[in-house]
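# Descriptive structure summary
These are the residues of each chain, in order.
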Amino acid sequence: MPTVSMTVNGKAVSGEVESRTLLVQFIREHLELTGTHVGCDTSQCGACVVHVNGEVAKSCTMLAVQAEGANVTTIEGLANGDDLHPMQEAFRNNHGLQCGFCTPGMVMTAVDLANKNKNPSEQQIREGLEGNICRCTGYHNIVKSVAEGARNMGG
Amino acid sequence: MPDGATNTGIGASVKRVEDKRFLTGKGNYVDDINRPGQTYAYILRSPHAHAKINSIDTSAAKSASGVVAVFTGEDMQVGSIPCGWQVDSADGTPMREPGHPALAQGKVRYVGDQVAIVIADTLDQAKDAAEKINVDYTPLKAVVDLRDALADTTLVHDEIETNISYDWAIGDKAEVDAVFDGAAHVTKMDIVNNRLIPNAMEPRAAIGDFDRASGEYTLYTTTQNPHVIRLLMGAFVLSIPEHKLRVVAPDVGGGFGSKIFHYAEEAITTWAAGQIARPIKWTAERSESFITDAHGRDHLSHAELALDANGKFLGLRVETAANMGAYLSTFASAVPTYLHATLLAGVYTTPVIYCNIKAVFTNTVPVDAYRGAGRPEASYLLERLVDRAARETGLDQVDIRRRNFIPSDAFPYQTPVALAYDSGDYEATLSSALKLAEVDGFAARKAEAAGRGKKRGLGYSTYIEACGVAPSAVAGALGARAGLYESAEVRVHPTGSVTVFTGSHSHGQGHETTFAQLVSDQLGIPIENVDISHGDTGKVQFGMGTYGSRSLAVGGEAIVKATDKIISKAKKIAAHVLEASAEDIEFAGGNFTVAGTDRSMAFGEVALTAYVPHNFPHEELEPGLDETAFYDPANFTFPGGCHICEVEVDPDTGTVEVVSFTAVDDVGRVINPMIVEGQVHGGVAQGIGQALLEGCSYDEDGQLLTGSFMDYAMPRAHNLPSFKVATEETLCAHNSLGVKGCGEVGAIGSPPAVINAVVDALADMGVTDVAMPATPQTVWRAIQTAKS
Amino acid sequence: MKFPAFKYLRPSSVAEAAAQLAEHGDDARLLAGGQTLMPVLAMRLAEPEVLIDLGRIENLRGIALEDDALRLGAMTRYVDLERSALVAEHAPLITRALPYVAHVAIRNRGTIGGSVALADPAAEMPACMLALGAEIELTSTEGNRWIAAEDYFLGLYETAREDTEILTAIRIPLAPERRVGFYEVARRHGDYALAGAAAVGDVEDGRIQGLRVAMFGCDDLPVLAKTAAKAAETGVLDGAWLEADVSPTSNINGEAHIRLAQARVAFRRAVTDLLGVSNG
């Protein structure tokens with residue numbers, strides 16, 4: 001079995017995986033970081049979104065071996081100890097989550113969006129969230145959360 | 001009465017206590033759980049909608065690498081998966097309820113029906129081995145379309161000799177027919193309520209576990225009601241007594257009804273865990289969810305509304321065929337009858353109503369409750385019919401509704417279809433929505449849109465629903481096979497912190513916050529001192545679970561009752577210590593005070609006295625401070641309101657855009673406005689999804705054509721506007737909190753508002769109806785049909 | 001979501017990849033960005049024995065300006081094209097169409113070569129290649145060849161690429177004065193199009209010349225609407241002759257006549273867009 005090495009949330013990790021092992025399986029099953037979720041099998045829902053080398057990627061659409069040497073950030077890598085990341089705080093403050101299942105992917109996408117655009121319009125936020133499906137919130141409060149989170153990340 | 005000091009009381013938008021774990025990836029969903037020695041299951045499913053199983057050869061799979069066991073229906077001889085409601089035909093014929101095996105017994109009846117379970121050390125091995133199972137099928141003709149099924153030429157279940165489970169009716173047909181004969185105007189419509197796939201974002205999962213030493217089974221499962229699963233699976237399917245079966249529903253990633261039901265995989269993994277004495281984990285892949293989660297809606301109706309010359313409704317008659325799918329799922333039989341037909345009065349004074357329901361088997365996934373369950377079908381039918389009646393009679397859309405509203409001074413109001421509404425003010429929600437939606441400026445907006453080549457339309461829905469299910473005696477009379485109360489235990493710890501055990505499971509609704517607000521408010525203690533425990537039959541005394549917007553109106557009331565008992569006992573303890581009579585003790589702000597004095601004990605001191613009973617009224621009371629209550633509601637609750645949708649249609653492509661959506665709902669007293677608004681947003685989004693995007697489609701052989709998120713279109717952020725949401729309160733008259741329920745109003749009220757808006761936009765082109773989902777091709781077709 | 005087992009190869013050069021492909025032939029699949037292949041494997045709709053990952057072949061990436069063409073390495077990601085000033089200047093049709101391709105996370109991984117190799121009839125990039133008159137480079141152990149996009153797309157997911165060939169690069173001829181137009185009808189933004197049109201052409205004195213309109217989502221393959229484009233050059237902009245060019249069939253997205261009507265709208269709006277948007 002191939003060995004794969006990468007950096008996850010700032011820590012060097014490696015493990016033996018099958019070629020067919022997906023990045024999300026490596027994260028959930030080998031590293032036991034279960035915050036990253038699997039909500040579909042067609043790369044549509046975005047529950048599995050993580051950052052790979054600073055950009056959003058769907059970890060269900062990437063083999064673990066493809067992430068060899070990469071720098072990966074998952075939802076567990078955002079908060080600083082007990083202090084929530086400004087985007088996490090904004091989701092809490094605006095009721096941007098209900099069941100919590102899409103939330104990790106949604107937050108990771110939102111952080112990336114805000115990194116690229118400090119002051120996104122509602123339209124830009126809605127377009128930027130196209131790769132993430134939420135069934136609970138109707139997106140209303142997620143859009144508010146992302147706007148506030150982006151402001152607070154910039155400030 | 002928002003709590004000014006801490007701002008955590010009733011009426012305050014308290015931030016959710018559950019959020020931190022979800023936001024940091026620390027949620028604990030079933031698939032996140034791993035048990036020592038765990039194996040993995042893959043379930044082999046039928047590729048045919050209808051077929052006879054001649055033989056199953058599992059030998060190659062059994063000897064494949066890593067495989068622990070393979071079981072088929074021949075191995076798993078257990079009870080049938082039960083339906084929770086018995087609905088008999090109008091002529092007295094008992095509901096036809098064919099066997100519903102967990103693993104197929106000689107026949108498969110829908111694509112996705114369970115055929116075998118393969119258990120291996122890893123999931124890859126289980127899935128690889130499943131490919132080595134050879135099932136010899138004789139495919140049979142499938143019956144997929146409701147109309148075809150009604151003809152009874154192809155039968156889903158040979159043994160019942162028909163596809164009709166029941167042919168039920170409510171109302172006096174002769175009386176209604178007579179009213180129609182004398183009516184000034186009759187509006188007639190054929191109405192389809194499109195079949196939906198719930199698609200909670202967390203796929204279903206189950207872990208079966210068996211402890212050989214104690215003989216105890218544990219099932220971790222994605223359910224909205226762990227005690228109900230324990231009851232149905234333990235008592236009916238696997239014959240495991242309750243004290244040997246624990247069901248745990250940890251964090252659950254959305255349900256919307258689809259996780260109420262007892263599913264085969266729960267029984268299969270639990271049973272098989274006993275066979276191999278190792279834990280077994282099964283997690284649905286999304287493509288598997290599409291063909292196994294119970295679908296929703298799927299009604300075919302013909303409806304007629306009789307009006308007098310003044311636009312007053314005289315009578316309503318409805319014939320509905322409701323698709324049950326291949327088997328009767330847990331709530332399925334109640335949905336088109338008690339949750340649909342009984343809502344057909346809506347918010348109107350229609351004096352006589354007749355409704356006939358035929359529940360029909362087809363070779364498709366079982367159909368059951370999905371957010372709103374029956375009530376969206378009723379509101380859609382009624383509000384489309386009212387919209388059409390207004391257009392036919394030349395009445396204004398708002399005017400025709402006002403002419404027929406049940407007036408606010410008419411409550412309690414007995415409808416002709418069994419329900420008695422306790423409170424409501426439909427004019428209040430309507431007039432509030434008219435303002436919020438800025439209806440006065442619509443004509444100008446329509447003209448502006450026309451300049452851009454767009455057709456703009458405005459659609460209304462004034463709806464009602466019944467929730468807070470349910471008074472057990474009423475439900476029992478209607479065929480429910482269980483009580484529908486809720487239970488709560490309020491356990492005060494010796495130093496005054498509190499754990500509340502509730503049977504209402506939370507899977508997104510924020511119970512851990514709202515319930516804590518209730519108890520904190522009632523006991524006058526900080527919200528941080530209250531924990532809410534739910535979802536584990538090993539911890540929670542009993543519960544009927546979360547569905548039908550019942551958590552606050554039923555579960556919350558049980559908590560209030562248990563807390564009342566705590567206060568009552570605590571007063572007696574305080575009276576003893578303070579050397580006063582219990583009647584003289586006043587409880588406020590977390591302190592027990594002798595009336596008219598400054599002699600007082602804090603709640604925590606009373607708690608400590610209860611557990612360290614050195615100075616305690618032993619002759620009168622037992623030590624401890626821990627109370628349980630069961631609450632059985634006196635009636636359903638009746639939230640209602642007005643939804644107004646504004647759309648723009650591109651007449652060249654048929655594309656519809658929702659440009660504005662307003663919802664003003666009366667959900668009774670609001671405990672946490674932030675959470676209530678969130679529930680409305682989510683419900684409206686699902687309603688707009690039903691109206692514009694979502695439609696489950698099968699081919700004639702029973703293969704699902706919309707089996708992925710690419711083909712089954714759910715709303716994305718870009719497909720929805722920000723919503724305008726407000727509430728108008730009339731209090732529920734029969735519970736102490738005055739609450740009605742808010743989980744389903746969005747999904748119930750919104751679809752007719754959207755379609756009425758699309759029809760309004762295209763009315764001047766001659767369009768009178770557009771089917772759901774109003775996709776570009778459907779709208780385009782409607783325009784072309786109107787033109788020709 | 002469990003993939004079938006396969007052998008994973010990660011060549012570091014095109015020559016090595018071509019040799020591996022020659023060796024394994026039919027049993028191998030090439031992995032580019034994986035945004036389509038991964039879901040296909042997840043559902044076990046394909047079970048290749050060997051997966052050849054092109055992701056570590058550095059010279060398959062990149063955007064370069066040549067004398068008479070813009071050269072796109074096959075493994076250039078959508079996101080790189082989206083951000084590229086060279087693409088915006090010399091192939092603005094691509095810049096215009098990219099926001100319609102799925103969504104951010106997918107555009108961060110998906111590649112132009114992967115999309116053109118797959119040749120989904122409803123995808124935006126194959127149609128853009130056709131409209132732009134792009135040339136496609138195919139490489140095998142025998143060497144390389146260039147083929148015009150018009151000769152490359154043959155049918156439903158069928159192209160001129162042989163099993164032993166790797167799509168290695170795309171060249172887009174430079175045409176500085178050319179204008180572009182784009183329109184698609186979709187249920188939801190980011191979905192595959194119900195009907196779409198990608199147009200390039202020159203405008204002189206309000207008249208369109210040299211118009212090329214590639215239709216997507218309305219036939220088994222991306223199609224150049226030659227008849228309708230000729231008519232548009234004479235001022236008939238509404239796609240009246242489109243049925244001579246595309247033959248939509250009835251499917252889950254609607255009956256043939258509806259799909260044709262939507263294709264007409266896409267054609268007309270793409271051409272109108274072209275008339276209004278300068279190539280600057």
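Residues numbered from 1 in each chain as written. Chains lettered and ligands numbered in written order. Predicted model: local features only at pLDDT ≥ 70, side-chain atom pairs only at ≥ 80, totals over all residues.

### Here we look at the overall build of chain A
Operational definition: Helix numbering and strand numbering both begin at the N terminus, where a helix is a DSSP run of H or I of at least 4 residues and a strand a DSSP run of E of at least 2. Atoms counted for the radius of gyration: C-alpha only. Globule rule: 2.2 Å times the number of residues to the power 0.38. Any residue with 12 or fewer other C-beta atoms within 10 Å of its own C-beta is exposed, any with 20 or more is buried, and the rest are partly exposed; the C-beta atoms used are placed from the backbone. What counts as a contact here is a pair of residues whose C-beta atoms, placed from the backbone, lie within 7 Å.
Of regular secondary structure, chain A possesses 5 helices and 5 strands. Ordered by position from the N terminus, the helices and strands of chain A form the series β-β-α-β-β-β-α-α-α-α. Rg of the C-alpha trace for chain A: 15 Å, near the compact-globule value of 15 Å for 155 residues, within the 12% margin. Once the C-alpha set of chain A is aligned to its principal axes, its extents read approximately 45 × 30 × 25 Å. Each of the 155 residues in chain A was classed as buried or not, and the buried ones make up 68%. In chain A, of all internal contacts separated by at least 6 residues, the share reaching a separation of at least 24 is 61%.

### A look at the domain arrangement of chain C
Residue and element names in this part refer to chain C. Just so we agree on the cut-off: Segment limits for the domains were obtained from an automatic or database-derived domain assignment.
Domain annotation of chain C identifies domain 1 (7-56), domain 2 (58-173) and domain 3 (180-276). The interface of domain 1 with domain 2 comprises 16 residues on the first partner and 19 residues on the second. In terms of residue count, the dominant contributor to the side of domain 1 that touches domain 2 is helix H1 (residues 14-24) (6 residues).

### Topic: the domain arrangement of chain A
All names here are of chain A. When cut into domains, chain A gives domain 1 (3-77) and domain 2 (86-154). Computed over C-alpha atoms only, the centres of domain 1 and domain 2 are separated by 21 Å. The interface is formed by 15 residues belonging to domain 1 together with 12 residues belonging to domain 2. Of all the elements in the fold, those that place two or more residues in the side of domain 1 that touches domain 2 are strand E3 (49-52) and strand E4 (55-58). The element contributing the most residues to the side of domain 1 that touches domain 2 is E3, with 3 residues.

### So, the interface of chain B and chain C
Many descriptions give the size of an interface as the accessible area lost when the pieces come together. At the interface, 20 residues of chain B touch 15 residues of chain C. Of all the elements in the fold, those that place two or more residues in the side of chain B that touches chain C are helix H3 (123-130) and helix H19 (776-787) of chain B. In terms of residue count, the dominant contributor to the side of chain B that touches chain C is H19 of chain B (4 residues).

### Remarks on the sheet that holds strand E27 (residues 655-666) of chain B
All names here are of chain B. We apply this condition: What makes two strands pair is DSSP finding at least two bridges between them. To define axes, lines are fitted to C-alpha atoms, for helices over the stretch in contact only, and angles between the resulting N-to-C directions are given on a 0 to 180 degree scale.
The 4 strands are arranged E18-E26-E27-E28 in an open sheet whose pairing can be described as mixed. On the outer flanks of this sheet lie strand E18 (455-464) and strand E28 (723-727), each paired with one strand and no other. Ignoring which end each strand starts from, the neighbouring axes of this sheet average 15 degrees apart. The sheet contact formed by E18 and strand E26 (residues 640-650) spans 10 bridges and is antiparallel. Residue pairing in the sheet places Tyr460 in a bridge with Ile644 of E26. Relative to E27, helix H11 (residues 426-436) is tilted by about 140 degrees, and along the sheet it contacts E18, E26, E27 and E28.

### Examining the sheet that holds strand E12 (residues 280-283) of chain B
Adjacent strands of a sheet form backbone hydrogen bonds with each other and so pair up, either parallel or antiparallel. All names here are of chain B. Across the sheet, 7 strands lie side by side as E3-E5-E1-E12-E9-E10-E11; this open sheet has mixed pairing. Among the strands making up the open sheet, the edge pair consists of strand E3 (67-72) and strand E11 (245-248). Strand-to-strand twist of the sheet, defined as the mean angle between neighbouring strand axes without regard to direction, takes the value 20 degrees. Pairing geometry for strand E10 (residues 216-221) and E11, over 4 bridges, is parallel. Opposite Tyr220, over in E11, you have Val248 as the bridge partner. With respect to the sheet, H3 is in contact with strand E1 (39-45), E3 and strand E5 (114-120), its orientation differing from that of E1 by roughly 25 degrees. Taken strand by strand, helix H7 (residues 264-276) contacts E1, E3, E5, strand E9 (205-211), E10 and E12, and its axis lies near 30 degrees from that of E9.

### A look at H7 of chain B
Residues and elements named next belong to chain B. The cut-off we apply is this: Helix span, expected: 1.5 Å multiplied by one less than the number of residues in the helix.
Across its 13 residues, H7 extends 18 Å between first and last C-alpha, which sits within 8% of the 18 Å expected from 1.5 Å per residue. Counting buried residues in H7 gives 10 out of 13 residues, a clear majority hidden from the surface. Taken together, the buried positions of H7 are Ala264, Glu265, Glu266, Ala267, Ile268, Thr269, Thr270, Trp271, Ala272 and Ala273. Just beyond H7, the residue with positive phi is Ala277, at close to 55 degrees.

### Here we look at the environment of Val684 of chain B
Relative to the elements of secondary structure, Val684 of chain B occurs in helix H17 (residues 673-693). What makes Val684 of chain B buried here is the crowd of 31 C-beta atoms within 10 Å. Along the backbone, Val684 of chain B and Val492 of chain B are 192 residues apart, and their C-alpha atoms lie at a distance of 39 Å. Apart from the residues lying within four places of it in its own chain, the contact partners of Val684 of chain B are Gly138 of chain A together with Phe661, Ala663, Phe723, Gly746 and Ser750 of chain B.

### Comments concerning the pairing of strand E14 (residues 313-325) of chain B
Residues and elements named next belong to chain B. Counting buried positions along E14 gives 11 out of 13 residues, so the element sits mostly inside the fold. Looking at chain direction, strand E13 (residues 299-307) and E14 are connected through 9 bridges and run antiparallel. Its bridge partner being in E14, Leu305 is matched across the sheet by Leu316. Hairpin connection, E13 to E14: the antiparallel pair is bridged by 5 residues, and Gly311 has positive phi, about 80 degrees. Judged from the 10 bridges that link them, E14 and strand E15 (residues 352-361) form a sheet pairing that is parallel. In the strand pairing of E15, Arg317 is matched with Tyr354.

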